[in-house]
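# A closer look at the structure
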Amino acid sequence: MSKAKLTLTGAHFLNGDVACAEGAIAAGCRFFAGYPITPATEIAEHLSQRMPELGGIYVQMEDEIASMAAVIGASYSGLKAMTATSGPGFSLMQENIGLAVMTEAPCVIVDVMRGGPSTGQPTMPGQQDVMQAKWGSHGDYEIIALAPSSVQEMFDLTVEAFNLSEAYRVPTLLMADEIVAHMWERVVIPPWNKIKLVNRKKPNVPPEKYMPFMPDEDLVPPMACFGEGYHFHATGLTHNEHGYPQTSSSEVQSRLVNRLCDKILKNADKIIRVEEVMLDDADVVVVAYGIVARAALSGIRKAREKGIKAGLLRLVTLWPFPEKSVAKIAKQAKALIVPEMNRGQLVREVERAAKETPVVFLSKLGEEPHTPVEILDAIRRSR
Amino acid sequence: MPERIRHAPLDKEKVKPVLAEIHLLRDECKGCGYCMEFCPKKVLEESDEINARGVHPPRIVDESKCILCSFCSVVCPDFAIFVVEKPSKGGS
Amino acid sequence: MVQEMAHPFSKYLRAEMMPHIWCPGCGNGVVLNCFVHALDELQLDLDKLVVVSGIGCIGRTAGYTNADSFHTTHGRALAFASGVKLANPELEIVVISGDGDLFAIGGNHFIHAARRNIGIKVLCANNLNYGMTGGQQGPTTPLESITTTSPYGNIEHPFNLVHLAAASGATYVARWTALHVRRLTQSIKKMLLKKGFCFVEVLTPCPEIYGRYNRMRSGLEMMEWFKRASVVESFTDPSKAEISPDRIPVGEFVDLEKLSYERMLHEKISKINEKAIEGVG
């Protein structure tokens, strides 16, 4: 097998799940723990074959709870680790996502959203988990969530998810949907030396001076791993900078919880990415993400053909929510249209950021996202 | 008992039996009583003093009877007692 | 009798976290004591030791041991430890947790970790109830015991943990009580030197809660029960090793050799990785 075959550099025709798996490998992920679930199973299957080729570890755990716990364990042992699931598994993982947030374990969780709630429609798309991505676990916390709209983005955003999780020591979610995961498109995998990778900061003090949760200026603490001689303690209980539990002090609780949230919110400008299409003179803006953004793109192009000044704000980062971008276009636009494959989740955030500007919500549940014509009709009606 | 065993050891002068030095970390003791109850030589008993935790820590009845079995050291849940060999006097 | 010397094993404990939170006579202290004794006798490389614990009074052990340690969510210690062991098989991973954490909420993870034979060493402090939350019934609570959630007497048959571990595939299974400190220390040592999934159950007194509700109002009374009822029955049939008021079978029940998961995994990975790289020009 040539090196190019090992790294798969070049152009390929792949489905989204496989592209995501390859993105993980290119990002340096060498540990995957998962459980089969439609429509994310292909990620596990592909990695079970590819990981050993690269000296990485694939393990199939007994359930999603164990998968998430094992991912945190591997992360604390120094590996870049990932798991992939869908709605029901995502619900199971919530408690341990909270543990990853509290212990600041870098890791990536892919949620290939499907029709819910409960077992729902395993082979149909949905965008019903986007609020859960932010609020799924108990307690006050912040995570980063990205939404790919194409198979190329399934590759690119997985790499970015790893970089963000390492930079901010936070679980990063890739909120894909069943269509983006199962469709086949052209993907270009760059040579690995051209892919920018970020690794977690390591401590630069000797073990006696190391405090595992003492942050640097960017609010992120350098991370020692098991076996490096640091003898540190990490716990899901509220803890001080030494990592020791402090369950009675309100000062420690507010210091820790606020730092864990500020770590993301104060760095939001560096984290958030959006795509702006034809926004300069737009007076109707469609705000969309995931597969729906593809239909929205087509919809605004049709609108432009008809002389309507429509634009698209595609959210690449869902959380932290790009409120500044939304607020900015809300000032110039006469209306915002938010199509989602759910009963209204991210639209609430858009409404909050848009303030007085009218927001039109288009709901779609079921096997197909909105069609470009449906979006065009909504654009027309909003004028 | 056979006659030969009742004699004193022939190298009694050369070999000094190891003596025990019992260390009590009195304020760590929570008064569970395990050390006193399970000492095979009953070297420990409850003292009358009250420690920082409001319990009666053990006191040593006769340190010379201790056989250094260290049962107390291992069974103490609070790391409040341990036994070491008494350093021998007059040279190492 | 001298006062100033520090405890010889204080180097195995995190000074800033001591003294521990456990009640007078709590068996957890004895388990921790035997554990550090075993570490000392083996002169284990503390840099390679990882102590993982779950939620419960015994779960605080990870915080007290002076080694890399992690306190996970309830029941998930073994799943977390699996991730650590597979990622770095050189590490010695000890899961120290309780009967509820390992066998109620964590039951599924236990049987699978044992089935896979991942080289994790499990030290289970079995105090017959859920101590941390105030003394509720658990999967090992004896029949007719009074607990805060079985005020009329427990009607759930308890697990025979030795049988469960043996049946799930553990390569070393032992049960001792907090009274058997020597043999417990020996079992912990044996476990640390062995490859594969090992399980040591320790029956521990919970005097303030379980004992108080069940006519054993001090740790000494529970230890008396252990003394009276324990019978060493090593290598007898694990399925017959149930605990009853008159009979606590203790001893080593299983001690066999079986290929561990991490060894098989890493051998396979090396082979496949080599083959994949071979073609690289």
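The model shown is predicted, which means the values in this text are computed figures rather than measured ones. (Residues numbered from 1 in each chain as written. Chains lettered and ligands numbered in written order. Predicted model: local features only at pLDDT ≥ 70, side-chain atom pairs only at ≥ 80, totals over all residues.)

### As for the interface of chain C and chain B
The extent of an interface is frequently quoted as the accessible surface area lost upon association of the parts. This is how it is decided: Note on contacts: residues are paired as contacts if their backbone-placed C-beta atoms lie within 7 Å. Secondary structure is summarised from DSSP: a helix means a run of H or I of at least four residues, a strand means a run of E of at least two, and numbering begins at the N terminus for each. Each residue gets one of three labels, nonpolar for Ala, Val, Leu, Ile, Met, Phe, Trp, Tyr, Cys and Pro, charged for Asp, Glu, Lys and Arg, and polar for the others, Gly among them.
Counting residues at the interface gives 21 residues for chain C, matched by 22 residues for chain B. Elements that contribute at least two residues to the side of chain C that touches chain B include exactly helix 1 (27–42), helix 7 (181–193) and helix 9 (219–229) of chain C. Examining the composition of the side of chain C that touches chain B, we find that 5 residues originate from one element, helix 1 of chain C, more than from any other. Residues belonging to the side of chain C that touches chain B are distributed by class as follows: 14 nonpolar, 7 polar and no charged.

### Structural notes on the interface of chain C and chain A
Stated precisely, the cut-off is as follows: Strands are labelled as partners when DSSP assigns at least two bridges between them.
Each partner contributes residues to the interface: chain C has 40 residues there, and chain A has 44 residues. Those elements that place two or more of their residues in the side of chain C that touches chain A are helix 2 (61–64), strand 2 (68–71), helix 3 (77–87), helix 5 (107–116) and helix 10 (261–278) of chain C. Broken down by element, the side of chain C that touches chain A gets its largest block of residues, 8 residues, from helix 3 of chain C. Across the side of chain C that touches chain A, the residue classes tally to 18 nonpolar, 15 polar and 7 charged. Where strand 10 (residues 233–235) of chain A lies against strand 2 of chain C, 3 bridges are found, and the strand directions are parallel. What sits directly across from Thr235 of chain A, in strand 2 of chain C, is His71 of chain C.

### So, the sheet that holds strand 15 (residues 335–340) of chain A
Residues and elements named next belong to chain A. Where we set the bar: To get an axis, a line is fitted to the C-alpha atoms, and for a helix only the part in contact is used. The angle between two axes follows their N-to-C directions and goes from 0 to 180 degrees.
If you trace the 5 strands from one edge of the open sheet to the other, you get 11-13-12-15-16, paired in mixed fashion. Each of the sheet's edge strands pairs with one partner strand only, and the pair in question is strand 11 (274–277) and strand 16 (359–363). Ignoring which end each strand starts from, the neighbouring axes of this sheet average 20 degrees apart. In this sheet, strand 13 (residues 310–315) lies alongside strand 11 in antiparallel orientation, the contact comprising 4 bridges. The partner of Glu275 across the bridge, within strand 13, is Arg314.

### A short note on the domain arrangement of chain A
All names here are of chain A. Put simply, the rule is: Each domain's extent was defined by an automatic or database domain assignment.
The domain architecture assigned to chain A consists of domain 1 (3–194) and domain 2 (275–382). Measuring from the centre of the C-alpha atoms in domain 1 to the corresponding centre in domain 2 gives 26 Å. Where the side of domain 1 that touches domain 2 is concerned, the elements lending two or more residues are strand 6 (121–125), helix 6 (130–135), strand 7 (144–146), strand 8 (171–177) and helix 8 (178–182). It is helix 6 that contributes the most residues to the side of domain 1 that touches domain 2, 4 residues altogether. Among the residues making up the side of domain 1 that touches domain 2, the classes are represented as 13 nonpolar, 4 polar and 3 charged.

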